[in-house]
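Residues per chain are reported as follows:
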Amino acid sequence: MSTITWPVKVVAGLSCQDVLDRLSDYLDGELPGPAREAVEGHVKGCDGCARFGGEFKSTVRALRDHLLRSPAPPARLVARLREALDRELDQE
Amino acid sequence: MEPGILEQDQSDEALVRRSAAGDRSAFERLASRHAAALYRFTVRVCGGEREAEDALQDGLLAAWRGAATFRGESAARTWLYQVVVNACRRRHRRRAGEPAEVEGEEAAAAVAADESGPEARAAARQAGRALDAALAELAPDAREVLMLRDVEGLSGEETAAALGLGLPAMKSRLHRARLDLKARVEARLGHAIEEVVG
């Protein structure tokens, strides 16, 4: 599956594929300084990577925001767990 | 499982140790503290509310039985996730071949509730549905890593430990899962999510 749909470039010593491969580490703040600066340098000179990187970050953020607002566990779950613990302790 | 007044003074690790000694109230407090996050994880990874409840019950009972095996080499939260991940995986193996339920209409509505106008609400609902459906389509191992790292916010090391992976393997799986999710969401929406959720 090819993810790169824009004209491939080499900017700041990195190709678009190099940047794509490093996006998660970049997003997670896990690239060491020089590698981070190289990614940022590439993105400044490559509209395709800038757009893709922004969308990538937004998707991850949207997933978190969306799911953190999912419904709380149903009240019956607590009751079920207590009953299961009761049974467990009865067997001991 | 009401939180007690001393709850904030009780670390997860202390509660696990007390659980290992047979203190049921300590275990209930620990379970209560993490129930919402663990349930959120099981709903998305196990595929459906009923299955999620069963998996969470299996996992928490396994945690109760196995509390004495907690060595404190990882955070208690990571250990709890390990136990629940394993419970989900056992259920997946038993249910292999069955389609997963798609969750999320209620969650999509929750997202929409925070938006202002009707167009924004409609767009948020659409984005929420696309995220739910795309996530449900992913392989279970991709859902696991996205839920732990991106939704629940475990560190890279914690996520790797909870999944029984080395850090490089977890990072590789996470990156592939994020790319896959993005592609699937965009295929459903017809555009990138940035245009909707910003």
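Residues numbered from 1 in each chain as written. Chains lettered and ligands numbered in written order. Predicted model: local features only at pLDDT ≥ 70, side-chain atom pairs only at ≥ 80, totals over all residues.

Draft legend 1. Here's a closer look at the overall build of chain B. Along its length, chain B carries ten helices and zero strands. In chain B, the order of α-helices and β-strands from amino to carboxyl end is α-α-α-α-α-α-α-α-α-α. Looking at chain B as a whole, 45% of its 198 residues qualify as buried. Within chain B, contacts between residues at least 6 apart in sequence are counted, and of these 66% link residues at least 24 apart. (Helix = DSSP H or I, 4+ residues; strand = E, 2+ residues; numbered from the N terminus. Buried ≥ 20, exposed ≤ 12 C-beta atoms within 10 Å, placed from the backbone. Contact = placed C-beta atoms within 7 Å.)

Draft legend 2. Local environment of the overall build of chain A. Across its full length, chain A carries four helices and two strands. For chain A, the N- to C-terminal ordering of α and β elements is β-β-α-α-α-α. Taking 12 Å as the expected radius of gyration for a compact globule of 92 residues, we find that chain A reaches 23 Å, considerably beyond that expectation. The principal-axis extents of the C-alpha atoms in chain A amount to approximately 65 × 25 × 25 Å. Residue burial in chain A is summarised as follows: out of 92 residues, 25% are buried. Of the contacts formed within chain A by residues at least 6 apart in sequence, a portion of 55% connects residues at least 24 apart. (Rg over C-alpha atoms; globule rule 2.2 N^0.38 Å.)

Draft legend 3. Seen up close, helix H2 (residues 24-46) of chain B. Compared with an ideal rise of 1.5 Å per residue, which puts 23 residues at 33 Å, H2 of chain B spans 27 Å between its outermost C-alpha atoms and falls more than 12% short. Phi for Gly47 of chain B, located one or two positions after H2 of chain B, is positive at around 80°. (Expected span 1.5 Å × (residues − 1).)

Draft legend 4. Quick look at the interface of chain A and chain B. The interface is formed by 28 residues belonging to chain A together with 37 residues belonging to chain B. Contributing elements (two or more residues each) for the side of chain A that touches chain B: helix H3 (47-68) and helix H4 (75-91) of chain A. The residue makeup of the side of chain A that touches chain B, split by class, is 15 nonpolar, seven polar and six charged. (Nonpolar A, V, L, I, M, F, W, Y, C, P; charged D, E, K, R; others polar.)

Draft legend 5. Representation of the environment of Arg184 of chain B. Residue and element names in this part refer to chain B. Looking at where Arg184 falls in the secondary structure, it is placed in helix H9 (residues 167-189). Owing to 19 C-beta atoms within 10 Å, Arg184 belongs among the partly exposed residues under this scheme. For Arg184 and Glu137, which are 47 residues apart along the polypeptide, the C-alpha to C-alpha distance reads 8.5 Å.

Draft legend 6. Here's a closer look at the confidence of the model for chain A. Here chain A shows a mean pLDDT of 91. Residues at 70 or above account for 98%. Mean pLDDT in chain A bottoms out at H4 of chain A, which sits at 86, and peaks at helix H1 (residues 16-27) of chain A, which reaches 96. (pLDDT = per-residue confidence, 0-100.)

Draft legend 7. Region of interest: the packing of helix H7 (residues 140-151) of chain B against helix H8 (residues 156-163) of chain B. All names here are of chain B. Where H7 contacts H8, the axes come no closer than 9 Å and their chain directions differ by 145°. Helix-helix and strand crossings are classified by hand; for H7 and H8 the assignment is right-handed. Here Glu144, Val145, Leu148 and Arg149 of H7 lie close against H8, whose contacting residues are Thr159, Ala162 and Leu163. Here the residues of the contact of H7 with H8 sort into four nonpolar, one polar and two charged. (Axes fitted to C-alpha atoms, helices over the stretch in contact; angles between N-to-C directions. Left-handed = near helix turned anticlockwise from the far one by under 90°.)

Draft legend 8. Highlighting the nonpolar core. Within the largest apolar cluster, 68 residues are counted, with the highest numbers of intra-cluster contacts made by Leu63 of chain A together with Leu80, Val84, Leu131, Val145, Leu146 and Leu181 of chain B. When residues in this core are grouped by element, the largest group, ten residues, is from H2 of chain B. No fewer than three residues from each of domain 1 (7-94) and domain 2 (106-197) of chain B sit in this core. Leave out the neighbours within four places in its chain, and Leu131 of chain B touches Ala62, Leu63 and His66 of chain A together with Val185 of chain B. (Core = buried A, V, L, I, M, F, W, Y, C linked by C-beta atoms within 7 Å. Domains from an automatic or database assignment.)

Draft legend 9. Spatial organisation of the packing of H8 of chain B against H9 of chain B. Residues and elements named next belong to chain B. Relative orientation of the contacting elements H8 and H9 amounts to 95°, with a least axis distance of 9 Å. Judged by the inter-axis angle, H8 sits roughly perpendicular to H9. For the pair H8 and H9, contact is made by Gly156, Glu157, Thr159, Ala160 and Leu163 and by Leu167, Met170 and Lys171, respectively. Its residues assigned to classes, the contact of H8 with H9 shows four nonpolar, two polar and two charged. (Parallel < 35°, antiparallel > 145°, perpendicular 65-115°, else oblique.)

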